Amino acid sequence: IGLNKNKKVCLFNPLYGQPFYRKAMLERDLYQAIKKNELELYYQPIIDTKSCNIAGFEVLLRWKHKNIGMISPEEFIPIAEETGFIIEIGRWSMEEALKQLCIWRNKGYKNLKISLNWSIRQFFQQDLLKMINSLLNKYNIPPECLELEITESHLMYNIDYFLNMIKELKELSVNVSIDDFGTGYSSLSYLTKLKLDKIKIDRSFIQNLDRDEENNVVVKTVISLAKNLQLSIIAEGVEKQEHISFLHRHQCYYMQGYYFSKPVCRKEAEHLLEHWNKQ
Ligand code: C2E
Ligand code: CA
Ligand code: CA
Ligand code: CA
């Protein structure tokens, strides 16, 4: 870090363009991001292709940094996890999301679900169940409308802890789904024990549909696995009509992806609702 001629730390030091400095700067600024109103929730619709309705939204964070511009969650979520700030961010996101869901419910969209990505560190948060309970009460949201997504690799890494954690969330009637399914190494015996609600097939599998036969077999197998375990199943990363046809042929009806909509801001999400879920 250089000093400028007034002996002040130079904010636009070109070194900031380098990965180490960029990370240090993001680490520093993340603590202020909520207060400065730089974080925003985006919503990606999950379509029930049988009824042609939006069944719910996945919440995806965006950070609009005052100087740098848009920063991807792929970059700042790992920093938030390392620094522990993810707890604060998670609390804030859950409150914002439930507040928004409450508004939509009051407009008549009663069956909508909202799902939040929840990192491993957040599942170890001391007051997690209490926090969820009090936010659900505050915004008058039925617990079945809230879903937490956990990635498959994290789940299997700490399986004993999650067996218990998921049981407690189920007692509250909150749903839990496995994200990026197929990219970790699930043990089938655990899958049956875990009492999960939903599997989300990772988008890499959907995007390789009809490119190689082995990949198609994996997708078919995951769909029938879910069916046998009585879990619902969502396909992520649906971009083409051919993806939809394949999934329908194998009886997978919940889908999410750019074919329907990319993640959008609150206002645009509401336009999507007006369009898809006419009342
Ligand atoms: P994810 O949970 O797997 O989210 C799906 C990602 O795929 C999103 O990227 C979404 O924009 C993108 N996507 C959706 N449909 C398509 C499609 O049809 N094609 C392609 N190519 N991509 C599609 P995004 O928003 O950049 O988020 C990246 C990751 O960051 C998420 O992956 C999630 O793991 C993490 N993340 C985002 N928000 C949060 C959050 O609030 N908390 C936590 N813990 N993690 C978050
Ligand atoms: Ca997710
Ligand atoms: Ca995913
Ligand atoms: Ca992911």
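Scroll up a little and you will see the structure.
Overview of the structure. It should be emphasised that the depicted structure is a prediction, and the values quoted were computed from it without experimental measurement. (Residues numbered from 1 in each chain as written. Chains lettered and ligands numbered in written order. Predicted model: local features only at pLDDT ≥ 70, side-chain atom pairs only at ≥ 80, totals over all residues. Heavy atoms only, no water.)

Working reference: metal with six octahedral donors, ideal angles 90 or 180 degrees; metal with four tetrahedral donors, ideal angle 109.5 degrees. Coordination of the calcium ion (ligand 2) by the protein is provided by Glu 58 (OE), Asn 117 (OD1), Glu 149 (OE) and Asp 179 (OD), with metal-donor distances spanning 2.2 to 2.4 Å. In terms of primary sequence, the donors binding the calcium ion (ligand 2) are separated according to E-x58-N-x31-E-x29-D. (Donors = N, O, S within 2.8 Å, 3.2 Å for Na, K, Ca; no water.)

Around ligand 1, a shell composed of 21 residues is seen, among which Arg 62, Ser 119, Arg 203, Glu 239 and Tyr 258 lie nearest. At 2.6 Å, a side-chain N or O of Arg 203 approaches an oxygen atom of ligand 1. With the chains in place, 85% of the 800 Å² that ligand 1 exposes on its own is no longer accessible. For the shell around ligand 1, the element with the most residues is strand S2 (residues 53-65), which contributes 4 residues. For the shell around ligand 1, the residue count by class is 7 nonpolar, 7 polar and 7 charged. (Near = heavy atom within 4 Å. Polar contact = N/O pair within 3.5 Å; in protein donor to acceptor, adjacent residues only side chain to side chain. Areas by Shrake-Rupley, 256 points an atom, 1.4 Å probe, with all protein chains shown as cover. Helix = DSSP H or I, 4+ residues; strand = E, 2+ residues; numbered from the N terminus. Nonpolar A, V, L, I, M, F, W, Y, C, P; charged D, E, K, R; others polar.)

What follows is about the packing of aromatic side chains. Each aromatic ring pair is specified by the distance between its two centres and by the angle formed by the two planes. One pass over the full model with this rule turns up 12 aromatic pairs. Where Phe 20 meets Tyr 21, the ring centres are 5.5 Å apart and the plane angle is 85 degrees; that geometry is what we call edge-to-face. Overall, Tyr 21 belongs to the partly exposed group, its relative accessible area being 22%. With a centroid separation of 6.5 Å and 75 degrees between ring planes, the pair formed by Phe 124 and Phe 162 is classed as edge-to-face. Placement of Phe 124 in the loop between helix H4 (120-123) and helix H5 (128-138) and of Phe 162 in helix H7 (residues 159-171) is noted, with a sequence separation of 38 residues between them. For Phe 162, a relative accessible area of 0% translates into the label buried. Three or more aromatic residues joined by ring pairs make a cluster, and in this case those are Phe 123, Phe 124, Tyr 161 and Phe 162. The lysine or arginine in question, Lys 50, covers the ring of Tyr 253, its NZ or CZ lying 4.5 Å from the ring centre. (Phe/Tyr/Trp six-rings, centres within 6.5 Å; stacked < 30°, edge-to-face > 60°. Buried < 20%, exposed > 50% of the residue type's maximum accessible area, 1.4 Å probe, protein only. Lys NZ or Arg CZ within 6 Å of the ring centre and 35° of its normal.)

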